[in-house]
Amino acid sequence: MSHEAVLHGHEGHGHDDHGHHEHHETFLSKYVFSMDHKMIAKQFLITGMVWAVLGGLMSVLFRLQLGYPDASFPWLESILGKWAKGGQITPEAYYALVTTHGTVLVFFVLTAGLSGTFANFLIPLQIGARDMASPFMNMLSYWFFFTASIIMLSSMFVETGPFSGGWTAYPPLSALGDASPGSKSGMDLWIIAMALFIVSSLLGGLNYIATILNMRTKGMSMTRLPLTIWALFFTAVLGVLSFPVLLSGMILLIFDRNFHTSFYLSDIFVNGVGALSNEGGSAILYQHLFWFLGHPEVYIILLPAMGMVSEIMSVNSRKPIFGYMAMLGSLFAIAVLAFLVWAHHMFVTGLNPFLGSIFVLLTLLIAVPSAIKVFNWLTTLWRGNIRFTPGMLFAIGFVSLFISGGLTGIWLGNAALDIHLHDTYFVIAHFHIVMGVASMFGMFAGVYHWFPKMYGRYMNNSLAYIHFWVTLAGAYLIFWPMHYEGLAGMPRRYFDFSIWESFKMFADLNRFISTVAMIVFAAQLLFLMNFFYSIFKGRKVITMNPWEANTLEWTTPIRPGHGNWPGEIPEVHRWPYDYGKDGQDFIPQDVPIGANESHGH
């Protein structure tokens, strides 16, 4: 009996939900202040889903304004009150919606929802651990995130309105309370929420790193780890190294706003009244601090999706992942290069052209490990015995979006082109496809694939297929046309384009994009219905390993209890991708290597 099993008292567990241990737990200790990594993962997932609905709803509201700038919708006033007088969204409300949409989707959904859910759920299960290195710190990580969520939500209801200076919060709009109504108390609450969110990410990240390095089961060497775990490991390292930089940037912002310092403020005139008494700072300093997190953030969002897609593709192609070590090397290269490219967001700030050329080189260089990953995913699919499960479809959709979105990144990585395309709809199209929608597809793939392990039931396949096809077609129909608007110079974050002769020609296209956005949002509600209905009424899982996969989470009971394995933790004898080997369809990691087995990984 392992040391941890005795500590947790799991030597007598049966294969039911929580064995004899169940009667010790109250509702609060099991569902609210749980220290079980699986329950914490579900808390992150469901909180992230609430934010995804709110963030998606915001995008529907501002697309309504962009698609129908002259129309009025009386029902809007009954929902938004003074922010939609006469049924038309006001400019202040529009900017607040765009700002909050960006903030919650990037941080609260795709960072906390994706990493928080799958790092928590999969790390102990796939490395053979009873729980996280520090279950208490894990619980704290969620509650810091939940508190940040409540404060971010409350910032939308203050009298002066939510923060409306863009999700990047550039000074001086963010550093001066008098700059606009959306820079007042709503902004202070926004900063506090972001600070608490960063604390949550750091607590989680340190825990994930410690767990992966120290708590692997016997035989689980680093090169036998599933690619999902490697991706989550690099994600945690990126977060631990880059989030403190953003936190420092936020603290200096609080000082500038409330204590009359001038880290970011220079000779600025406010409302024509007079110059600030405090000056000498530089708004560019904030951009350096923000993007030093902002670019690794792209990969904090993308890497977990990449890891899960690799795993799901191998399982459903019934083939070993192509080039395990190359995949691992490319993950490492992406993680390193993510820290070296932040100034490509700053080509238009008056950056020295020579310095710009170095950032161009490093930016284009990141295409190499990305291309290796794409090649290896496609070769994993090549001649595979593919099962088109909902998880597999979303994994393939992720690769499609990553390719098409990534290719436009080559344009934007070039400083000469970026100066023309910067702050246009081309940029919106690029990062929504490659980071936003692609990562959501990775998240959906993960939810569909591991749902049987999370809840002991299956989601409805028919609803899942409708969800996939509507979302994939909709994503391309929404964001692909934006590239053309951007090439024509159409700027982002503008409230109404109908007053410009040069952009009037896009009126019909904008209407089309807005209509598709509403249809895609409706398809996400279908997913939510499927998800919550299946938790209680879905078809029950009757086998421990429904996908016939090799990784350790499928060796646990159908509904694993706190501690995961009822007896000994399995010992690992092989890598996680022995599919189609020696006439066997799959060989799980805990199966000893046979005497006559062919030489594998």
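By convention here, each chain's residues receive numbers from 1 onward along its written sequence. Thresholds applied to this predicted model are a pLDDT of at least 70 for local features of residues and 80 or more for the giving and counting of side-chain atom pairs; totals over whole chains, interfaces and linings are not thresholded and use all residues. Just so you know, side-chain values use all the structure's heavy atoms and leave hydrogens and water out.

So, about the environment of Ile-301. Mapped onto the secondary structure, Ile-301 falls in helix H10 (residues 283–317). Once the C-alpha coordinates of Ile-301 and Lys-42 are considered, the two residues, 259 residues apart in sequence, prove to be 18 Å apart. Residue contacts are defined here by distance: any two heavy atoms, one from each residue, within 4.5 Å place the two residues in contact. Leave out the neighbours within four places in its chain, and Ile-301 touches Val-106, Leu-110, Thr-111, Leu-114, Met-435 and Ser-439. Secondary structure elements follow DSSP: runs of H or I no shorter than four residues count as helices, runs of E no shorter than two count as strands, and numbering proceeds from the N terminus.

Time to look at unusual backbone geometry. The residue after Pro-171, namely Pro-172, is reached through a cis peptide bond having omega 5°. Along the chain, Pro-172 falls in the loop between helix H7 (135–154) and helix H8 (185–214). The residue Arg-383 is not glycine, and still its phi comes out positive at about 60°. The backbone of Asn-564 shows a phi angle near 75°, a positive value even though the residue is not glycine. Within the element layout of this structure, Asn-564 appears in the loop between helix H18 (507–537) and strand S3 (579–581).

What counts as a salt bridge is simple: a side-chain nitrogen of Lys or Arg found within 4 Å of a carboxyl oxygen of Asp or Glu. Tallied over the full model, the rule gives 10 salt bridges. When the shortest N-O distance is used, the salt bridge between Asp-423 and Arg-492 registers 3.6 Å. With Asp-423 in the loop between helix H15 (415–421) and helix H16 (425–455) and Arg-492 in the loop between helix H17 (461–487) and H18, the pair connects residues that are 69 residues apart, well separated along the chain. On the basis of relative accessibility, which here comes to 34%, the residue Asp-423 falls in the partly exposed class. Accessibility here uses a 1.4 Å probe with only protein chains present; expressed as a share of the type maximum, an area under 20% marks a residue as buried, one over 50% as exposed, and anything in between as partly exposed. On the accessibility criterion, Arg-492 (13% relative accessible area) is buried.

Our focus in this paragraph is the nonpolar core. To qualify as a nonpolar core, a set must consist of buried Ala, Val, Leu, Ile, Met, Phe, Trp, Tyr and Cys residues joined through side-chain atoms within 4.5 Å. If you look at the biggest cluster of nonpolar residues, it comprises 182 residues, and the most contacted ones within it are Phe-107, Phe-108, Phe-197, Trp-377, Phe-398 and Phe-531. Counting residues per element, this core draws most heavily on H16, at 19 residues. Those residues in contact with Phe-107 that lie beyond four places of it in its chain are Ala-112, Trp-167, Met-194, Phe-197, Phe-243, Leu-246, Leu-293 and Glu-297.

What pLDDT expresses is the predictor's confidence in each residue, scored from 0 to 100. Mean pLDDT for the protein chain: 90, with 95% of residues reaching 70 or above. In the predicted structure, residues 1–23 sits below a pLDDT of 50 and forms 42 contacts with residues beyond four places in sequence or in another chain.

We now examine H17. Residues spaced three or four apart along an α-helix point in a common direction, a consequence of the helix completing one turn every 3.6 residues. Each residue after the first adds 1.5 Å to the expected span of a helix. The end-to-end C-alpha distance of H17 is 40 Å, a good match for the 39 Å that 27 residues give at a rise of 1.5 Å each. Throughout this description, a polar contact denotes any pair of N or O atoms lying within 3.5 Å of each other; where both atoms belong to protein, one of them has to be capable of donating a hydrogen while the other can accept it, and for residues adjacent in sequence the pair is counted only when both atoms sit in side chains. A side-chain oxygen of the first residue of H17 lies 2.9 Å from the backbone nitrogen of Ser-462; this N-cap is Asn-460. Remark: Gly-489 follows H17 within two positions and exhibits a positive phi of approximately 95°.

The next point concerns helix H5 (residues 91–109). Taking 1.5 Å of rise per residue, the 19 residues of H5 would be expected to cover 27 Å, and the 26 Å separating its terminal C-alpha atoms lies within 8% of that figure. Of all 19 residues that make up H5, 16 are buried, and the element is covered over most of its length.

With that out of the way, let us pick up a nonpolar patch on the surface. Only residues whose relative accessible area exceeds 30% and that form no salt bridge are eligible for patches; like-charged ones are grouped when within 9 Å, while nonpolar side chains (Val, Leu, Ile, Met, Phe, Trp, Tyr) are grouped when within 5 Å. Only the protein chains shown count as cover for residues, with accessible areas throughout obtained via the Shrake-Rupley method and a probe of 1.4 Å. Taken together, Leu-364, Leu-378, Ile-403, Leu-407, Ile-410, Trp-411, Leu-417, Trp-480, Tyr-484 and Leu-487 make up a surface patch of nonpolar side chains, about 880 Å² in accessible area. Going through the elements one at a time, helix H14 (390–412) and H17 are the ones with two or more residues in the nonpolar patch. The element contributing the most residues to the nonpolar patch is H14, with 4 residues. Locating Leu-487 in the fold gives a position in helix H17. Looking at Leu-487, the relative accessible area reads 36%, which means it is partly exposed.

Packing of H7 against H8 leaves a shortest axis separation of 8 Å and a crossing angle of 160°. With respect to each other, H7 and H8 are oriented roughly antiparallel. As for how H7 packs across H8, the hand of that crossing is left-handed. Gly falls in the polar group here, along with every residue not listed as nonpolar (Ala, Val, Leu, Ile, Met, Phe, Trp, Tyr, Cys, Pro) or charged (Asp, Glu, Lys, Arg). Each residue belonging to the contact of H7 with H8 can be placed in one class, and the counts come to 18 nonpolar, 7 polar and no charged. Between N-to-C directions, angles span 0 to 180 degrees; the directions come from axes that are lines fitted to C-alpha atoms, helices contributing only their stretch in contact. Orientation labels follow simple angle bins: below 35 degrees gives roughly parallel, above 145 gives roughly antiparallel, 65 to 115 gives roughly perpendicular, and whatever is left gives oblique. Note on convention: the crossing is left-handed when the near helix lies turned anticlockwise from the far helix by less than a right angle, right-handed when the turn is clockwise.

Two aromatic rings are characterised by how far apart their centres lie and by the angle between their planes. Only centres within 6.5 Å qualify two rings of Phe, Tyr or Trp (six-membered ring in Trp) as a pair; their planes then separate them into stacked at under 30 degrees, edge-to-face at over 60, and tilted for everything else. Evaluation of the coordinates by the stated rule reveals 63 aromatic pairs. With centroids separated by 6.5 Å and ring planes inclined at 65°, the aromatic side chains of Phe-145 and Phe-197 adopt a geometry described as edge-to-face. Of the two residues, Phe-145 is situated in helix H7 and Phe-197 in helix H8; the sequence distance between them amounts to 52 residues. Comparing Phe-145 with Phe-197, the two get one shared label, buried. Aromatic side chains Trp-377 and Phe-398 sit 5.7 Å apart centroid to centroid with 85° between the ring planes, which places their arrangement in the edge-to-face category. Of the two residues, Trp-377 is situated in helix H13 (residues 367–381) and Phe-398 in helix H14; the sequence distance between them amounts to 21 residues. For the pair shown, Trp-377 and Phe-398 are each scored as buried. To sit over a ring, a charge needs its Lys NZ or Arg CZ within 6 Å of the ring centre and within 35 degrees of the ring normal. The ring of Tyr-455 carries the charged tip of Lys-42 above its face, separated from the ring centre by 4.7 Å.

This part covers the side chain of Arg-457. Structurally, Arg-457 is set in the loop between H16 and H17. You can call Arg-457 buried: its relative accessible area is 17%. Among the polar contacts listed, one links the side chain of Arg-457 to the backbone oxygen of Ile-535, at a separation of 3.4 Å. When near neighbours in sequence (up to four residues on either side) are disregarded, Arg-457 contacts Phe-451, Pro-452, Ser-534, Ile-535, Phe-536, Lys-537, Gly-538, Arg-539, Lys-540 and Val-541.

We now examine the packing of H10 against H14. One way to put it is that H10 packs onto H14 with a least axis distance of 9 Å and a crossing angle of 130°. Classed by the angle they form, the pair H10 and H14 counts as oblique. H14 is crossed by H10, and the crossing has left-handed handedness. Along the contact surface, H10 presents Leu-302, Ala-305, Met-306, Val-309, Ile-312, Met-313, Asn-316 and Ser-317, while H14 presents Gly-391, Met-392, Ala-395, Ile-396, Phe-398, Val-399 and Phe-402.

Let us look at the environment of Met-222. With respect to the helices and strands, the residue Met-222 is situated in the loop between H8 and helix H9 (227–258). Sequence-wise, Met-222 and Ala-395 are 173 residues apart; in three dimensions their C-alpha atoms are separated by 24 Å. Excluding residues that lie within four positions of it along the chain, Met-222 makes contacts with Leu-213, Arg-216, Trp-230 and Tyr-324.

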